[in-house]
Amino acid sequence: MKINPSSIIKDVEKIRKNAPLVHNITNYVVMNTTANALLAIGASPVMAHAVPEVEDMAGIAGALVINIGTLSDAWIEAMFKAAKKALQRQIPIIIDPVGVGATQYRTRTARELIQASSPSIIRGNGSEIIALCKKDQRTKGVDSTNASDQAIDSAKSLAQEFNCVVCISGEKDYIVSQDAIIQVKNGHAMMPRVTGLGCTATALCGAFAAVNQEFDMAAAHAMAVMGIAGEMAGQNAPGPGTLQVNFIDALYQLSETHIKELFND
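Residues numbered from 1 in each chain as written. Predicted model: local features only at pLDDT ≥ 70, side-chain atom pairs only at ≥ 80, totals over all residues. Heavy atoms only, no water.

Turning our attention to the environment of Lys 17. Examined against the element boundaries, Lys 17 turns out to sit in helix H1 (residues 5–18). Residue classification places Lys 17 among the exposed positions, given a relative accessible area of 73%. For the pair formed by Lys 17 and Ala 43, sequence separation is 26 residues and the distance between their alpha carbons is 8.9 Å. (Helix = DSSP H or I, 4+ residues; strand = E, 2+ residues; numbered from the N terminus. Buried < 20%, exposed > 50% of the residue type's maximum accessible area, 1.4 Å probe, protein only.)

Right, dumping it as structure tokens:
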């Protein structure tokens, strides 16, 4: 199964026209980056994790993005409350199991959250996706020790068990559903040197899922846009700091011409 520039462009235009509200319960490290990325692509981000308000916020959002990067008991309570509300409203829920496999607390939380929320999309790196399936899989933290293609079988199992789309990010991205696998090849070699770009990919999946109910296509379009923007950003970036700034600008400047010229099918 493949995507094409026209389908990517169509979703980008929908985001810019509709400015969907994307409710993020995410981590301290990436709040600024992901909020700016969502704004740059045309979505409307909100970062809200206080227990008394998350249900109200999920009640008006177009998508809910849950990122477990900096866990605490209060944030976990907020995640479950927001997910319950989002599930009632039948809006897409996107989960990023950051660092799963590093600690029992983190792994248990991710699995229980996925069980309770029936997510539309799970987005993680190869090690995280494998650790969700294999109880004895350990990781060294948030960085992947497994290539994305090594996690395809685990992604298939998750997609089947939870009736969801699983997006594996890496040098090549794989979007796995019960029926198909989509491969996305865009990106820049310096992107793994910028903290939070994986989390940004998850947030963008939320924006695309808010305008496209075919969640495998939404995730694939989000990853293609991530990769294309990364390539644009890397053209004049001597290092990761410049790449990060350029990346936000690239999302804002992204045009039909850029997509048609840079999309790698």
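To continue, consider the packing of aromatic side chains. Scanning the entire structure with this criterion turns up one aromatic pair. Ring centres of Tyr 28 and Trp 75 lie 5.0 Å apart, and the angle between their planes is 45°; this geometry places the pair in the tilted category. With Tyr 28 in the loop between strand E1 (21–25) and helix H2 (31–41) and Trp 75 in helix H4 (residues 73–89), the pair connects residues that are 47 residues apart, well separated along the chain. Residue Tyr 28 is classed as exposed on the basis of its relative accessible area, which comes to 57%. Looking at Trp 75, the relative accessible area reads 6%, which means it is buried. (Phe/Tyr/Trp six-rings, centres within 6.5 Å; stacked < 30°, edge-to-face > 60°.)

A few words now on the side chain of Asn 24. The topology assignment puts Asn 24 in strand E1. Under the relative-accessibility criterion, Asn 24 is labelled buried at 2%. Apart from the residues lying within four places of it in its own chain, the contact partners of Asn 24 are Leu 38, Pro 45, Val 46, Met 47, Ala 48, Val 65 and Ala 203. (Contact = heavy atoms within 4.5 Å.)

Let us look at the sheet that holds strand E7 (residues 173–176). The eight strands lie next to each other as E2-E1-E3-E4-E5-E6-E7-E8, forming an open sheet whose pairing is mixed. For this open sheet the edge positions go to strand E2 (44–47) and strand E8 (181–184), each flanked by a neighbour on one side alone. Taking each pair of neighbouring strands and ignoring which way they run, the sheet shows an average axis angle of 20°. In the sheet, E1 pairs with strand E3 (residues 63–67) via four bridges, with the strands oriented parallel. Directly across from Asn 24, in E3, lies its bridge partner Val 65. Contacts between H2 and the sheet are confined to E1 and E2, with E2 contributing the most and set at about 160° to the helix. (Pairing = 2+ DSSP bridges. Axes fitted to C-alpha atoms, helices over the stretch in contact; angles between N-to-C directions.)

Moving on, we come to the layout of surface pockets. Computed from the structure, the largest pocket encloses a volume of approximately 1,100 Å³. In terms of lining residues, the largest pocket is bounded by 40 residues, among which Ser 169, Met 191, Pro 192, Leu 197 and Gly 198 are the most central. Mapped by element, the contributors of at least two residues to the lining of the largest pocket are strand E5 (121–125), helix H6 (126–133), helix H8 (197–211) and helix H9 (215–234). Among the elements that line the lining of the largest pocket, the one with the most residues is H8, at four residues. Looking at the lining of the largest pocket residue by residue, the classes come out as 14 nonpolar, 17 polar and nine charged. (1 Å grid on protein atoms, 1.4 Å probe; cavity = no way out; pocket = protein on both sides within 12 Å on 5 of 7 lines; lining within 4 Å. Points joined across faces, edges and corners; volume = space filled by probe spheres on them. Nonpolar A, V, L, I, M, F, W, Y, C, P; charged D, E, K, R; others polar.)

Before going further, it helps to spend a moment on the pattern of salt bridges. Under the defined criterion, the tally for this structure stands at two salt bridges. Note that Arg 123 is salt-bridged to Asp 96, the shortest N-O span being 2.8 Å. Taken as a pair, Arg 123 in strand E5 and Asp 96 in strand E4 (residues 93–96) lie far apart in primary sequence, 27 residues in all. Accessibility assignment for this pair places Arg 123 and Asp 96 in one class, buried. Between Glu 256 and Lys 260 there is a salt bridge; the shortest N-O distance is 2.8 Å. Of this pair, Glu 256 and Lys 260 are both found in helix H11 (residues 256–262), four residues apart, which corresponds to roughly one turn of the helix. Glu 256 gets classed as partly exposed once you look at its relative accessible area, which sits at 40%. (Salt bridge = Lys/Arg side-chain N within 4 Å of Asp/Glu carboxyl O.)

Further remarks concern H8. For H8, which comprises 15 residues, the first-to-last C-alpha distance of 21 Å matches the rise-based estimate of 21 Å (1.5 Å per residue) to within 8%. Buried residues dominate H8, accounting for 13 of its 15 residues. (Expected span 1.5 Å × (residues − 1).)

On to unusual backbone geometry, then. For Ala 19, which is not glycine, the phi dihedral falls at a positive 45°. Its location among the elements puts Ala 19 in the loop between H1 and E1. Its relative accessible area of 35% is what places Ala 19 among the partly exposed residues.

The next subject is the nonpolar core. Ranked by internal contacts, the top residues of the largest apolar core, which has 55 residues, are Ile 3, Ile 41, Ile 121, Ile 175, Phe 247 and Leu 251. Residue assignment for this core shows that the elements contributing at least two residues are H1, H2, E3, strand E6 (165–169), E8, H8, H9 and helix H10 (240–253). Examining the composition of this core, we find that 14 residues originate from one element, H9, more than from any other. If sequence neighbours within four positions are ignored, Ile 3 has contacts with Ile 8, Ile 182, Val 184, Met 217, Ala 220, His 221, Ala 224 and Phe 263. Counting residues in each nonpolar core, the second largest holds 42 residues, with Ile 68, Ile 91, Ala 110 and Ile 114 among its members. (Core = buried A, V, L, I, M, F, W, Y, C linked by side-chain atoms within 4.5 Å.)

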